[in-house]
Structure formats: structure tokens, C-alpha cells
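Below, each chain spelled out in residue letters.
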Amino acid sequence: MTRYDIAVIPGDGIGTEVVDAALTVLKKCEARYGLEMEYTFHDFSADLYRRTGRRITEADMDEIGKSDAVLFGAMGLPDVRDPEGLELGAQVEMRAHYGLFSSLRPVRLFRGVDSAVKAEHIDMLVIRETTEGMFAGLADVHEPSDEQASDRMTITRANCERLFAMAFGQARERRKRGTPGHVTLLHKSNALRSNVLMEKVFDEVAAKNPDVGSAKLYIDAGSMLMVTNPERFDVVVTENIFGDIVSEIAAGLVGGLGVAPSADVSLERGVFQPSHGSAPDIAGKGLANPIAMILSAAMMLEWLGERRGDDRCIAAARGIQDAVESALESGPRSRDLGGSASTQDVVEAVVDALPA
Ligand code: NAD
Ligand code: MN
């Protein structure tokens, strides 16, 4: 039996609570689907930095990178800042260190959850580029100044090629379960030179994937259409900061961050985490919706299963997705979805809905 080594970084705030929840579900799946998982916990958080000054290093990430996958809760506390004034966030450092160039953020309207807009059927995958774009200059040498500060948006051909190949591949995979097989690029080539290159490479990759439909929209108009007509989108791919924002608009359409999972992946590595942060406003109260984290754990199993050709992982991922679907349909629902259930109530409902 293949054993999977999973590095777990619970992080801050509700990160620790939703990670506990996902581990409860994963442990049930181990017995049910005959999986063997070994979890190694890594205590990195903004809270640790505040107490001890210790933050994740390149050596830590090399060590963590020996695992088969990383399960990540959430990191960052608004009032914990480094000397430059930036927040702590190992998720950003891991993207750079492991070259995780794409963040896959599926957004689906589940039965039993009200949409914020008039739409029956929302089922899209937002792919946010995660190593360059507006975050390209994070490590740039710069003079701290109180008068002027800059960030740098850089787009490279090589990264666009692999990002768009991923987008078309994902559209093709999704089509197997009934989605249209279509990719939309959201960009700003009317005003940004970097985006002119991005659009050009998108056209080239689209031409090489004629079986998958494609479209391009300016990010501003595309953002409006996402709210007024979300049903037109299948796979959406975009630059780093645009994707950060648009993926949360998309999450807002289907019930919010509490049901929005994500997977930061390269072709070799994956960090699986909910789209939300540490939610200090509800942390420690048992109110966090664990669904986003549980669905991120399912994405981890799917990714491991596909890479290793392990059908048990794929079956377990489907089992979790189905259990979440049925738990959301029949309740209990957490407060963010208009209910009054605790994190624990929701976890129990998901575990109960897993196949016996
Ligand atoms: P947030 O995602 O933590 O919270 C935004 C709002 O959504 C809050 O009202 C919160 O209560 C609610 N919310 C989020 N997840 C929820 C869940 N699972 N169940 C119920 N409600 C939920 O974003 P924020 O408040 O802007 O950021 C808080 C901290 O988290 C900051 O320090 C930020 O930098 C950090 N952050 C980390 C990540 C990450 O680890 N990947 C992502 C975003 C923000
Ligand atoms: Mn975000």
C-alpha cells in the first residue's frame, strides 16, 4: 500500500480549527478507502513570529517539501508585521519556493446554499497565477520611503505557457463530468504591456487546443459579467492580483469563503488550503465553516490520486465531495451560510454522510 506523507501547517486563527476538521474527515476516509496517511505537523504562524521572532525559512521549506503534499490552514494576523510592514504569510513564500505557479479555485453553487446573485447553476474554476504578475517584485531590492512605493507587474512567456496549458488541461478534465470545456482569459492588455504579452501567449496556447473553447475579456468588464452572468464561465484564468480578487468575487457568488477551496500547484508539488484567511473576527469560537478546508483536502486526494495513479485516493476525494454536497443540502449550516451550526456540527454531518 502506498503511504502518503502529508505536511500539515495549521497556522493562525481559524486555520487551526478547520485543519482539525479536515483531519477528522481524512482519518475517516483512511479506514473507509484503505489509505495510509502519515501527518507531520509544522508550527509556523504569525502568532509564533510574534512570540519568538521565528518564521519559515528556505531550509524549513526544503524539509516540508519532502512530503507528498502540504495541507495548510491559514496564516497571518493583521497586527503582526515584519520590519517592512508586511504581514507574515508562509503561503506566499511557499508559492515562490516551490514554484507553485497556479492556484486552482473551484467555485460551485451547492444545493441548499443561496447565491448572492440570480443564478441557478454556477460551476467554475478560477485559476490564479501565483508566482509573478503584480507580486513579481516582492524580493526586489528597494529603498524604504515614506513618499513613494512601487510594486512591479511582470509576466513571462514561459510561465504563461505552463499556466495556460494547465487551464486548457483542467477544462478538458472538467468536461468529463459535464462542464462545457471552455477557458476565459481575464486581462488588461488595453493598458498594461505585461498583459499584451499574456494575451499573445494565450492566443498561441488556445490555437494549440482547438477542442476547448476560449474567450478573452478585459478584467474590469469580466468582473462585472462574473456577477451579472456567472453561468457563462467554466475555467477562468488570470494574473496574480486579478485572480486574488476575482476568485473571491466568484466565492461570494456561491456562499462565500467558507465554501471556497483551493490548491496551489506546480507540476510537481501542491499546497492545499482554503481560499480564506485566519478570520480573527470569529477565531476561537467554534464558528468557522470547515467546508472550504474539507474540500481542499479532497482536492489534495484527487491530485495525489491522479499523480500516483491511485484510484483509492480518487474515490476518497469523490466520497468527500459527495458527502459535503449532501451535508450542505440537508444542513446543519454554519453562520456564514445563514445557519447556527458550529464547526463541529458541520464536521459531524460530513462524516455521517461519507459512505459507510
Ligand atoms: P479572512 O478570509 O480571514 O476573513 C474574511 C471574512 O470572511 C471574515 O469576516 C471572516 O469571518 C469570514 N470567513 C472567512 N473564512 C470563513 C469560514 N471558514 N467560515 C466562516 N466565515 C469565514 O480575510 P481577512 O479578514 O481579510 O484576513 C484575516 C487574516 O488572514 C489577515 O491577517 C490576512 O492577511 C490573512 N489571510 C491569510 C490567507 C492565507 O493564509 N492564505 C488568505 C487571506 C488572508
Ligand atoms: Mn485572497
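Just so we're clear, the structure is a prediction, and the values are computed from it rather than from any experiment. (Residues numbered from 1 in each chain as written. Chains lettered and ligands numbered in written order. Predicted model: local features only at pLDDT ≥ 70, side-chain atom pairs only at ≥ 80, totals over all residues. Heavy atoms only, no water.)

### Overview of the packing of aromatic side chains
The geometry of an aromatic ring pair comes down to the distance between the two centres and the angle between the two planes. Filter applied, for reference: Pairing of aromatic side chains here covers Phe, Tyr and the six-membered ring of Trp, requires ring centres within 6.5 Å, and sorts the geometry by plane angle: under 30 degrees stacked, over 60 edge-to-face, intermediate tilted. By definition, any uninterrupted DSSP run of H or I lasting at least four residues is a helix, any uninterrupted run of E lasting at least two residues is a strand, and each is numbered from the N terminus. With a 1.4 Å probe rolled over the protein chains alone, any residue whose accessible area is under 20% of its type maximum counts as buried; one over 50% counts as exposed, and the rest are partly exposed. Two thresholds decide whether a charge sits over a ring: the Lys NZ or Arg CZ must be within 6 Å of the ring centre and within 35 degrees of the ring normal.
In total, this model carries 3 aromatic pairs according to the counting rule given. Aromatic side chains Phe 168 and Phe 202 sit 5.7 Å apart centroid to centroid with 40° between the ring planes, which places their arrangement in the tilted category. Of this pair, Phe 168 sits in helix α5 (residues 157-175) while Phe 202 sits in helix α6 (residues 193-208), and the two are 34 residues apart along the sequence. The same class applies to Phe 168 and to Phe 202, which are both buried. Through successive ring pairs, a cluster of aromatic residues spans Phe 164, Phe 168 and Phe 202. Above the ring of Phe 233, the side-chain terminus of Arg 232 is found at 5.7 Å from the ring centroid.

### Quick word on the side chain of Asp 60
Using the following cut-off: N or O atoms within 3.5 Å of each other form a polar contact, as long as, within protein, one can give a hydrogen and the other can take it, and as long as residues adjacent in sequence are counted only when both atoms are side-chain atoms. Any two residues having at least one pair of non-hydrogen atoms within 4.5 Å are treated as being in contact.
As for its placement among the helices and strands, Asp 60 is situated in helix α3 (residues 58-64). At 2.9 Å, the side chain of Asp 60 and the side chain of Arg 54 are in polar contact. Those residues in contact with Asp 60, other than ones at most four positions away along the chain, are Phe 44, Arg 54 and Arg 55.

### Re the sheet that holds strand β9 (residues 261-265)
Quick note on the threshold: Two strands qualify as a pair provided that DSSP identifies no fewer than 2 bridges between them. For helices, the fitted line uses only the C-alpha atoms of the stretch in contact; every axis is such a line through C-alpha atoms, and the angle between N-to-C directions lies from 0 to 180 degrees.
On the basis of which strands lie adjacent, the open sheet formed by 10 strands has the order β2-β1-β3-β10-β9-β4-β5-β8-β6-β7 and mixed pairing. Two strands lie at the open edges of the sheet, namely β2 (36-41) and β7 (213-218), each paired on one side alone. Taking the axes of each pair of neighbouring strands and ignoring which way they run, one obtains an average angle of 25° across the sheet. By the bridge criterion, 2 bridges tie strand β3 (residues 69-74) to strand β10 (residues 270-274) in an arrangement that is parallel.

### Here's the deal with the environment of Glu 129
Along the chain, Glu 129 falls in strand β5 (residues 123-129). Between the C-alpha atoms of Glu 129 and Gly 243, which are 114 residues apart in sequence, the distance is 6.9 Å. When near neighbours in sequence (up to four residues on either side) are disregarded, Glu 129 contacts Phe 101, Asn 159, Leu 163, Thr 238, Glu 239 and Asn 240. Among the polar contacts made by the side chain of Glu 129, one reaches the main-chain amide nitrogen of Glu 132 at a distance of 2.8 Å. In terms of polar contacts, Glu 129 uses its side chain to reach the side chain of Asn 159, at 2.6 Å.

### Description of the coordination of the manganese ion (ligand 2)
As a benchmark, a tetrahedral metal site with four donors has ideal angles of 109.5 degrees, while an octahedral site with six donors has ideal angles of 90 or 180 degrees. Filter applied, for reference: Only nitrogen, oxygen and sulfur atoms qualify as donors, provided they sit within 2.8 Å of the metal or within 3.2 Å for Na, K and Ca; with water excluded from the atoms, sites may seem incomplete.
Coordination sphere of the manganese ion (ligand 2), protein contribution only: Asp 244 (OD) and Glu 248 (OE), at 2.2 Å. With Asp 244 and Glu 248 both in helix α8 (residues 240-253), this residue pair falls 4 residues apart, about one helical turn.

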